[in-house]
Each structure stands twice: as C-alpha cells, then as structure tokens.
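# Residue-level structure breakdown
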Amino acid sequence: MGMTEDLIRWTHEQKCRKAVASLDRNGFTALYCDTQKAAAEYIIAGAADSVTIGFGGSMSVVSLGVEQLLREQGKEILNHGNPALSRDERLEIMRHQLTCDLFLSGCNALTLNGELVNIDATGNRVGAMLFGPRRVIVVVGRNKLIDGTPQDAIKRVKAWATPPNSKRLNFKTPCASTGFCNDCNSPDRLCRVTTIIDRKPRFTDLHVLVVNEDMGF
Ligand code: SF4
C-alpha cells in the first residue's frame with residue numbers, strides 16, 4: 001500500500017473509531033473492523049447459537065459473502081431477495097424475519113455521534129432492527145459515515161443511496177432516472193419510513209460493525 005493510501009486509510013480509521021466510541025456511549029455493542037473479512041468473521045461467530053437468520057436486503061451484507069457459509073452450517077436462511085419468489089412468499093419471509101434469532105442488516109448512514117439513520121419503503125428492515133429478532137448485527141462501511149446531524153444523514157441517503165437503489169430495483173422514481181431527489185409522490189417512492197436509532201433499543205441486542213472499507217451505497 002502506498003503512503004497516500006495509508007494516510008487516507010488512517011484518516012478513515014479515526015472517523016470509524018469516533019463513531020464506534022459514540023455508539024458505545026449510546027448503549028450499542030460497537031466494534032471497529034479493519035476489513036470486511038473481520039466483519040464476516042464476527043458475524044459467523046455471532047451466529048453460532050442462532051437457528052434462523054434473517055437478511056434485510058443489504059448490499060453491504062451481500063458483499064460479506066456470509067449467507068452461503070451460514071447455509072452450509074445448516075442455518076435456516078430468511079432472505080426475501082430471491083426474484084423467483086411470489087409477492088406473498090416474500091411478505092411471509094419478511095414477517096418471519098421479525099422474530100428470527102439473528103437479523104443482519106446494513107445501514108444507510110451513521111453519524112459520528114452514533115446515530116443510525118435509515119430510510120425504507122416497506123419498513124420490514126427497520127422494523128426488524130428495532131425489536132423482534134433476538135440479536136441484530138448492523139454492518140456499516142466507512143462511506144456511510146456522516147460528520148453531521150441526522151438531518152444531514154437523511155440528505156446523504158436521498159442523494160447517494162436511494163437513487164442507485166431505485167435504479168437497481170427498477171422503480172419508476174425521478175431519482176432513478178435523474179440521480180437527484182425531488183421529494184416525489186411517485187407510487188414507487190422508496191422513501192416512506194425514516195428511522196433514527198439514537199440509543200440502543202431497550203430489549204434488542206444490537207451490534208454495530210463499523211468497517212474501514214467502502215461498502216454498498
Ligand atoms: S423521495 Fe422519491 S425522488 Fe426522492 S429519493 Fe425518495 S424515491 Fe427518490
């Protein structure tokens with residue numbers, strides 16, 4: 001690794017560690033991960049006593065490659081992302097995710113003050129992050145860190161996460177064609193539920209892994 005890259009990485013590390021310290025103060029179980037591999041190992045270890053494992057549809061979690069490993073261990077995988085599933089089958093899996101042993105999710109933005117900010121269309125992902133699963137592990141890449149308020153984080157999500165997500169899902173929203181949010185009223189509007197988790201929910205064993213690599217969008 002060259003010196004420039006080392007220095008950039010070091011700078012990201014300081015911000016990741018600041019977010020971890022804030023999350024810790026806010027009651028979460030928070031961990032700095034130098035690499036995605038370290039995050040994947042933490043998840044596999046954390047899944048040891050889990051039978052049912054829910055996936056919230058996160059590109060960050062997909063990039064860790066843990067689903068196949070967990071499947072091979074005989075875990076029951078609850079993933080509604082298979083395009084072959086009917087609408088009713090997808091909804092049924094989403095309902096089961098709400099009471100699974102371990103729920104895995106990404107996060108749209110994390111402030112350096114330790115606040116998790118997410119925007120959902122259906123609400124199944126944020127619902128499972130708040131209450132229901134016995135344990136929740138959230139993975140956040142360094143590109144999701146915001147040195148600002150939850151309102152700044154919401155702006156980041158609508159500028160950088162929702163447009164590519166709308167495009168990926170083939171939704172007919174203005175941001176999917178222009179790349180910019182215009183606070184649409186489209187039937188396909190993705191931005192329907194906005195959550196700010198600023199302290200660990202009382203009865204949810206919520207872990208947050210802050211990874212010093214870019215993950216998802
Ligand atoms: S409000 Fe509409 S245009 Fe704006 S980011 Fe959400 S889906 Fe896209």
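Please refer to the structure higher up on the page.
The rules behind these values
Residues numbered from 1 in each chain as written. Predicted model: local features only at pLDDT ≥ 70, side-chain atom pairs only at ≥ 80, totals over all residues. Heavy atoms only, no water. 1 Å grid on protein atoms, 1.4 Å probe; cavity = no way out; pocket = protein on both sides within 12 Å on 5 of 7 lines; lining within 4 Å. Points joined across faces, edges and corners; volume = space filled by probe spheres on them. Helix = DSSP H or I, 4+ residues; strand = E, 2+ residues; numbered from the N terminus. Nonpolar A, V, L, I, M, F, W, Y, C, P; charged D, E, K, R; others polar. Phe/Tyr/Trp six-rings, centres within 6.5 Å; stacked < 30°, edge-to-face > 60°. Lys NZ or Arg CZ within 6 Å of the ring centre and 35° of its normal. Pairing = 2+ DSSP bridges. Axes fitted to C-alpha atoms, helices over the stretch in contact; angles between N-to-C directions. Buried < 20%, exposed > 50% of the residue type's maximum accessible area, 1.4 Å probe, protein only. Contact = heavy atoms within 4.5 Å. Near = heavy atom within 4 Å. Sits in = over half its atoms within 2 Å of the grid points. Salt bridge = Lys/Arg side-chain N within 4 Å of Asp/Glu carboxyl O. Expected span 1.5 Å × (residues − 1). Bend = angle between axes of the 7 residues up to and from the residue.

## Digging into the layout of surface pockets
- In this structure, the largest pocket encloses a volume near 1,100 Å³.
- Taken together, 46 residues form the lining of the largest pocket, with Gly56, Gly57, His80, Arg168 and Leu169 sitting closest to its centre.
- Of all the secondary structure elements, the ones that give two or more residues to the lining of the largest pocket are α3 (59-64), α4 (66-72), α5 (87-97), β4 (102-106), β6 (116-120), α6 (124-130) and α7 (150-168).
- Among the elements that line the lining of the largest pocket, the one with the most residues is α7, at five residues.
- Looking at the lining of the largest pocket residue by residue, the class counts come to 19 nonpolar, 17 polar and 10 charged.

## Some words on the packing of aromatic side chains
- Applying the stated rule across the entire model yields zero aromatic pairs.
- The residue whose ring lies beneath Arg17 is Tyr32, and the NZ or CZ to ring-centre distance is 4.0 Å.

## Re the sheet that holds strand β7 (residues 135-141)
- With parallel pairing, six strands are arranged side by side in an open sheet as β1-β10-β7-β4-β2-β3. Since the sheet does not close on itself, it has two edges, and those belong to β1 (29-33) and β3 (76-79), each with one partner. Put simply, the sheet's adjacent strands are angled 20° from each other on average, direction ignored.
- Here strand β2 (residues 52-55) runs beside β3; their pairing, made up of four bridges, is parallel.

## Some words on the environment of Ala109
- Relative to the helices and strands, Ala109 resides in strand β5 (residues 109-111).
- Residue class for Ala109 comes out buried when judged on its relative accessible area of 0%.
- In this structure, Ala109 is in contact with Glu115, Leu116, Val117, Lys144, Ile146, Ala153, Arg156 and Val157, ignoring residues within four places of it in sequence.

## A look at the site of the ligand
- As a structural note, the neighbourhood of the ligand is formed by Thr162, Thr173, Cys175, Cys181, Asn182, Asp183, Cys184, Arg189, Leu190 and Cys191.
- According to the grid-proximity analysis, the pocket containing the ligand is the largest cavity.
- Among the residues forming the shell around the ligand, the class breakdown is five nonpolar, three polar and two charged.

## Let's talk about empty space enclosed by the protein
- Here the structure, examined in full by the defined rule, presents one cavity of 30 Å³ or more.
- Empty space within the largest cavity amounts to approximately 100 Å³.
- Surrounding the largest cavity, 13 residues form its lining, Thr162, Cys175, Cys181, Cys184 and Cys191 being those nearest its centre.
- The element that contributes the greatest number of residues to the lining of the largest cavity is α7, accounting for three residues.

## A few points about the environment of Thr162
- With respect to the secondary-structure elements, Thr162 resides in helix α7.
- On the basis of relative accessible area, Thr162 is assigned to the buried category, the value being 9%.
- A C-alpha to C-alpha distance of 8.8 Å links Thr162 and Gly179, two positions 17 residues apart in sequence.
- Leaving out residues up to four positions away in the same chain, Thr162 has contacts with Val157, Cys175, Leu190 and Cys191.

## Structural notes on the pattern of salt bridges
- Scanning the entire structure with this criterion turns up 10 salt bridges.
- Between Asp214 and Arg142 there is a salt bridge whose closest N-O contact spans 3.1 Å. With Asp214 in the segment after β10 (205-211) and Arg142 in the loop between β7 and β8 (145-146), this pair connects stretches of sequence that are 72 residues apart.
- By relative accessible area, which is 48% here, Asp214 ends up partly exposed.
- The class of Arg142 is buried, set by a relative accessible area of 19%.

## With respect to α7
- The terminal C-alpha atoms of α7 lie 25 Å apart, and with 19 residues this matches the ideal 27 Å at 1.5 Å per residue to within 8%.
- The largest bend along α7 reaches roughly 40° and is located at Ala161, with the proline Pro163 sitting one to four residues downstream.
- Within the sequence span of α7, burial applies to Pro150, Ala153, Ile154, Arg156, Val157, Lys158, Ala161, Thr162, Pro163, Asn165 and Ser166.
- Buried-residue contacts for α7 involve β5, β6, β8, α8 (174-178) and β9 (193-197).
- One or two steps after α7, the chain reaches Asn170, where phi turns positive at roughly 65°.

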